[in-house]
Structures are given as structure tokens and as C-alpha cells.
Amino acid sequence: YNNIAIIYYEQGNYPKALDLYTRSLKLFRQLNDKAGIAGTYNNIAIIYWKQGNYPKALDHYTRSLKLARQLNYKVSIANTYNNIAIIYRLQGNYPKALDHYTRSLKLKRQLNDKAGIARAYNNIAVIYRQQGNYPKALDHYTRSLKLARQLNDKAGIANTYNNIAIIYYEQGNYPKA
């Protein structure tokens, strides 16, 4: 059910994907498969996020996070913190978004996930930029860029340069942008 739901999700058929994720969730509950339940909650949250139903997305991310904590799945915990932060950012709740991005960053560091750390720095920089705190945003973009270069992540490098250029543009520093 989960795999078929992914196909429907990718096709943009969110109602059908949600139906299949719900069926999957029922079976994982019958099996008492907490990892499966957590993953399915996460998948359902993504559907609600894409539909703009942020309260339901947060509810399902929170359920997923609770189970991931019980299982001590640090990768899942870090990723769920990141996803929760995205919802808060979209809602304009920058303090909560920053808090959750920072929690994700802390776990990514513990896991030595350099790509995840780079993305976390980038995400934190977005919050600072949206708050108009350009020095902190530039600092975090610079950290992200350094890791993206170490990883030879060309897309990450290009994205970070673009974000840095936006800051300079917003500051009116057109030559540097």
C-alpha cells in the first residue's frame, strides 16, 4: 500500500495516496510495527503539507516524531524536525521553525551527516533572511557552501550561491549580487 501510494503521490493524486497510506497505517497498527506506523504518519503528513493543510500535517509529523523518539531513530527524528520546521516556516512562525531546524542540525551533527548539516545550515539561513537578519543568514549560507564544496554537491553549491545573491540583492548591493 505504501509503495503504491508513493506512485499516486508522485502523480499528484493525493486523495488516492492518502487512502492507501490510511490502509497501510491500519495494517502497521495491527502488526504493532512502530517503525512502519511512524513512516506512514510521515507520509500522510507530506500529503497534508502539499494540500496546504498545515494543522493536519503538524499533527501527523508530531505522531511520527513521538514514535521515532521511542525507537531512538535519530535519522527519522532529525528529518521529522526538519519537516516540522518547514510547516512552521510556511505558517510564518519563524521562532518555532528556527527551533526545529536547530534541533535537526544538532542531530545531523551527531550522525556526521554532512549533506544533512549543509541543508540544515541553508534552512536556518532562510529563516534569518526572512527575518531580515542578513549577517546571520550569510554566516549560515557560508557554512552550507563550505560543506557543499567538500561534498562536491554542485546543486547545493549553486543553490547556496543563489541564496547569497538574493541577500545582496535585497540589501541593494547589486554588483555583489
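These remarks concern the structure in this document. All figures in this text were calculated on a predicted structure; none of them were measured in a lab.

### Some remarks on helix α5 (residues 74–90)
Moving on, step 1. The end-to-end C-alpha separation of α5 is 24 Å, in line with the 24 Å expected for 17 residues at 1.5 Å each.
Moving on, step 2. Taken together, the buried residues of α5 touch α3 (34–50), α4 (54–71), α6 (94–110) and α7 (114–130).
Moving on, step 3. Positive backbone phi, at 80°, marks Gly92, one or two positions downstream of α5.

### Quick notes on the nonpolar core
Note on soluble globular proteins: their nonpolar side chains tend to be buried together.
Moving on, step 1. Tyr61 and Tyr141 are the most contacted members of the largest nonpolar core, which totals 55 residues.
Moving on, step 2. With nine residues, the top contributor of residues to this core is α7.

### A short note on the pattern of salt bridges
Pairing between side chains of opposite charge can happen when their charged atoms approach one another.
Moving on, step 1. Going through the model one piece at a time under the given rule, you end up with six salt bridges.
Moving on, step 2. Close ionic contact of Glu170 with Arg129 constitutes a salt bridge, the shortest N to O distance being 3.7 Å. In this pair, Glu170 sits in helix α9 (residues 154–170) while Arg129 sits in helix α7, placing the two residues 41 residues apart along the sequence.
Moving on, step 3. Take Glu170: its relative accessible area is 39%, and that puts it in the partly exposed class.

### Regarding unusual backbone geometry
Moving on, step 1. One non-glycine residue with positive phi stands out, namely Asn32, at about 55°.
Moving on, step 2. Relative to the assigned elements, Asn32 resides in the loop between α2 (14–31) and α3.
Moving on, step 3. Even without being a glycine, Asn152 presents a positive backbone phi close to 55°.
Moving on, step 4. By secondary structure assignment, the location of Asn152 is in the loop between α8 (134–150) and α9.
Moving on, step 5. Asn152 gets classed as exposed once you look at its relative accessible area, which sits at 52%.

### Section: the side chain of His100
Moving on, step 1. Along the polypeptide, His100 turns up in helix α6.
Moving on, step 2. Among residues more than four places away in sequence, those in contact with His100 are Tyr81, Ile84, Ala85 and Tyr88.

The rules behind the values
- Residues numbered from 1 in each chain as written.
- Predicted model: local features only at pLDDT ≥ 70, side-chain atom pairs only at ≥ 80, totals over all residues.
- Heavy atoms only, no water.
- Helix = DSSP H or I, 4+ residues; strand = E, 2+ residues; numbered from the N terminus.
- Expected span 1.5 Å × (residues − 1).
- Contact = heavy atoms within 4.5 Å.
- Core = buried A, V, L, I, M, F, W, Y, C linked by side-chain atoms within 4.5 Å.
- Buried < 20%, exposed > 50% of the residue type's maximum accessible area, 1.4 Å probe, protein only.
- Salt bridge = Lys/Arg side-chain N within 4 Å of Asp/Glu carboxyl O.

Note that all results are geometric; they support no functional claim without further evidence.
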